[in-house]
Amino acid sequence: MTANEQLASVGKNIQEKATLIWNVANTLFGAFKPHEYGLVILPMVVIKRFHDCLLPTHQAVLDTYKKVEHLAVKEGFLRTAAGYQFYNTSPFTFETLRADPENINDNFRAYLNGFSDNVQDILSRMNFSAKIDRMEEAGLLYQVIVDFCSDKADMGPEKISAVDMGYIFENLVQRFSESYNEEAGAHFTSRDIIYLMCDLLVTGDQNAFNGDGITKTVYDMTMGTSQMLTCMEERLKQLDADADVTCFGQELNPFTFGIAKADMLIRGGDPDNMQFGDTLDDDKFDGYQFDYCISNPPFGIDWKREAAAVEAEHKKGSAGRFGPGLPSKSDGQMLFLLNGLSKLKPEGRMAIIQNGSSLFTGDAGSGQSEIRRYLIESDWLDAIVQLPNDSFYNTGIATYIWIITKDKPSEHIGKVQLIDASKCYESRRKSIGNKRVDITEACRELIVRAYGEYRDQTYERELESGEKLVCKSRVLDSVALGYNKIVIESPMKLYYEISKERVDFLRNCGEEFIEKLKESVGEDIKILPAILTTQFMHMTADICTDLGIGKRYDDIEQFEDELEDAWRKRCGMEKGTAHPDVLNFTALFLAIRCNEGKKLREKNGKLVADPSKRDTENVPLDEDIDAYFTREVLPYNPDAWIDKSKTKVGYEIPFTRTFYEYKEIEPADQIAQRIEEHEHALMQRLHDLFGKDGE
């Protein structure tokens, strides 16, 4: 069955099941607010799923428990009897609970206490005990149990597969998010995007089959309800029914973590592979490496809370996850990219969603640029796919799938493919939140084909509906993504003029100005703050008066000599003993920058740069800096030079520029003609409305 056929069948049957379950909310009306319904319904779905899975072996577990109850270690016996990694030793079932309404409160708690520790952990994460208390107080618990005893609420494995159960969880989480006025995408990524990510990972994997079959590990660092892991396992088993796929995930939200762990238990996996915690500052898989990483981390979320741990790990350099660089504290998505990269095996592959800021935000030398540099210079960035806008439930902005591989095929080495799939979608008949388009199977086939062929090409396909799919591919040399940011300096040209206005200002300036001046002491004002006093300002005014109000110096050396002489005579000092900071301040205060003045030089003859004329240029990495400077700068600024000590290497992904298509502007005479026609039509309508001569 194709992914589209799966989606179609699930779309009807599973939605019906989810709707039935959600209708339990009618029982909760009044005692719970609408945005709280999911806090009851989702844990109850987890419990009922566990119950229905365990029901066929329930008696066998009870019999085994009687035999091993006295043993210190009995977990293995009970799991074997249950046929799952979890069990329940309580004698109650939902039917026996329903049969005793008088004791429903005590009996239901006894039933929950019979679950194995891994299930207890899930219910604890969901804080379900508090919800039971509220149902007890409102007298609703019995009716909720009855609602879940319905034949239509049967969630046994013979009725609902593990994959379909994942769909039900997904549907319920979406409904819960909507009722909570919270975007559904905060919890999960829609299946059409996940399937595309899975297909891109598998299609480009030259190591997919090891030996006789597939043996893979898959990791999701922000797993939500773990549907990405489920889909990846599903895809690999479509290639090889006997594929050995082991999934690992970490999640910060306790509620969705509970669902993910429950899903893992139901599918027969190891629940210890599902870990709770913040991936950035509490990595639960330190030292692990995986074949695949697939993830949709949050973007636009700050990492201030995790800053101490993240910065400490950054200082470890290559021994830590974040050695290459740290992004802006306002957006931590590139930290997740680095984390995923650190978890890949030498032949590992990652598909991770990022928004547009990861492509270009951050100047040369910044954390974001350094992360891109590390990724590209290591030749691990294989491709980036731009998704259509409005693909996600919680955002309509442009988003991208980054495909990263540590073992590129030979024909991909030294290259990066950019795929513009922004026009490769089918419109939804009904939007869900911000999601207005789907990446259908036809869309996926076109995108995956573009990735597989890895060449410059535009792919098109017209659908029966009349919609046209367009997917554009461009392959760039990796070096084309980098640049040298050079700093261009121009000489400071100035003359000195002793104006009456400036001298008067020195005589009248107060303490407030002096304090502000002390704060600004830095690169341009190279003087000791202690010198700056009211007395010093008045003395400087006297010196300027001695030189002569209105006098102008175009000869810098003459000015410096006369200035020093004036200070020496006024203060009774010998020549050459005036404090350089004193002379510097006076010169700085009287200097007037201009384009025609004399170039200012230091004592060693080196030209002094004018900070106000400082400029930068980005020179492509594959171009000689000096040749670029000679061609692009010197013809317009013959006095300029490059401060090579400040040159930095930067990287950005020029997605928009790569796919930009110039559209010729309409000729002016045609525009004028259209305006004239529009005016004529408007006047005609006015004439028709008001009649001739305004009658």
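Details of the structure are given in the entry above.
Below is a short write-up of the structure.

About the criteria used
- Residues numbered from 1 in each chain as written.
- Predicted model: local features only at pLDDT ≥ 70, side-chain atom pairs only at ≥ 80, totals over all residues.
- Heavy atoms only, no water.
- Pairing = 2+ DSSP bridges.
- Helix = DSSP H or I, 4+ residues; strand = E, 2+ residues; numbered from the N terminus.
- Axes fitted to C-alpha atoms, helices over the stretch in contact; angles between N-to-C directions.
- Contact = heavy atoms within 4.5 Å.
- Phe/Tyr/Trp six-rings, centres within 6.5 Å; stacked < 30°, edge-to-face > 60°.
- Buried < 20%, exposed > 50% of the residue type's maximum accessible area, 1.4 Å probe, protein only.
- Lys NZ or Arg CZ within 6 Å of the ring centre and 35° of its normal.
- Disulfide = S-S within 2.5 Å.
- Parallel < 35°, antiparallel > 145°, perpendicular 65-115°, else oblique.
- Left-handed = near helix turned anticlockwise from the far one by under 90°.
- Nonpolar A, V, L, I, M, F, W, Y, C, P; charged D, E, K, R; others polar.
- Polar contact = N/O pair within 3.5 Å; in protein donor to acceptor, adjacent residues only side chain to side chain.

**Some words on the sheet that holds strand β3 (residues 274–276)**
And step 1. Across the sheet, ten strands lie side by side as β3-β2-β1-β4-β5-β7-β6-β8-β12-β11; this open sheet has mixed pairing. Unpaired on one side and paired on the other, β3 and β11 (457–462) mark the two borders of the sheet. Adjacent strand axes in the sheet meet at a mean angle of 15 degrees when their direction is disregarded.
And step 2. Bridge count between strand β4 (residues 290–295) and strand β5 (residues 344–355): five bridges; the pairing is parallel. Each residue of the ladder has a partner; that of Tyr292, found in β5, is Arg349.
And step 3. Here helix α12 (residues 191–203) sits on the sheet and contacts β4, β5, β6 (381–386) and β7 (399–405); the angle it forms with β5, its principal contact strand, is near 150 degrees.
And step 4. Where helix α19 (residues 441–453) meets the sheet, its contacts fall on β5, β6, β7, β8 (415–423), β11 and β12 (468–477), and the angle it forms with β11 comes to roughly 160 degrees.

**Here we look at the packing of aromatic side chains**
And step 1. This structure, assessed with the given rule, holds 20 aromatic pairs.
And step 2. Judged by centre distance (5.1 Å) and plane angle (50 degrees), the rings of Phe248 and Phe290 are tilted. Linking Phe248 in strand β2 (residues 244–251) with Phe290 in strand β4, this pair joins segments that are 42 residues apart in sequence. Both residues of the pair, Phe248 and Phe290, count as buried.
And step 3. Between Phe285 and Phe290 the ring centres are 6.1 Å apart and the planes differ by 75 degrees, which places this aromatic pair in the edge-to-face class.
And step 4. You can call Phe285 buried: its relative accessible area is 2%.
And step 5. Here Phe290 falls in the buried class, since its relative accessible area comes to 1%.
And step 6. Above the face of the Phe94 ring, Lys48 is positioned so that its terminal group lies 5.8 Å from the ring centre.
And step 7. For Lys406, the ring lying beneath its charged end belongs to Trp380, and the centroid distance is 4.9 Å.

**Points about the state of the cysteines**
And step 1. Summed over all chains, the structure comprises zero disulfides.
And step 2. Cys53 supplies the cysteine sulfur nearest to Cys149, a cysteine that is in no disulfide, at a spacing of 16 Å.
And step 3. Among the residues examined, Cys149 registers a relative accessible area of 9% and is labelled buried.
And step 4. Cys247 carries a free sulfur, and the closest cysteine sulfur to it, the one in Cys198, is 9.9 Å from it.

**Here's the deal with the packing of α12 against helix α13 (residues 227–239)**
And step 1. Where α12 contacts α13, the two axes come as close as 9 Å, and the packing angle between them is 50 degrees. One element, α12, and the other, α13, form an angle in the oblique class. Note on packing geometry: the crossing formed by α12 with α13 is right-handed. Contacts from Arg191, Ile194, Tyr195, Met197, Cys198, Asp199, Leu201 and Val202 in α12 reach Gln227, Met228, Cys231, Met232, Glu234, Arg235, Leu236 and Leu239 in α13.
And step 2. For the contact of α12 with α13, a count of residues per class yields eleven nonpolar, one polar and four charged.

**A few points about the environment of Ser342**
And step 1. Looking at the element boundaries, Ser342 is found in helix α16 (residues 333–342).
And step 2. Among the residues examined, Ser342 registers a relative accessible area of 28% and is labelled partly exposed.
And step 3. The spacing of Ser342 and Asp622 is 280 residues in sequence and 29 Å in space, taken between C-alpha atoms.
And step 4. In this view, Ser342 contacts Tyr288, Gln289 and Arg321; residues no more than four positions away in its chain are not counted.
And step 5. From its side chain, Ser342 meets the backbone oxygen of Asn339 in a polar contact 2.6 Å long.

**A few points about the pairing of β7**
And step 1. Here β7 lies mainly inside the structure; seven of its seven residues are buried.
And step 2. Burial of the side chains of β7 extends over both faces: Thr399, Ile401, Ile403 and Thr405 are buried on one face and Tyr400, Trp402 and Ile404 on the other.
And step 3. Sheet topology places β5 next to β7; seven bridges connect them, and they run antiparallel. Paired with Arg349 across the bridge in β7 is Thr405.

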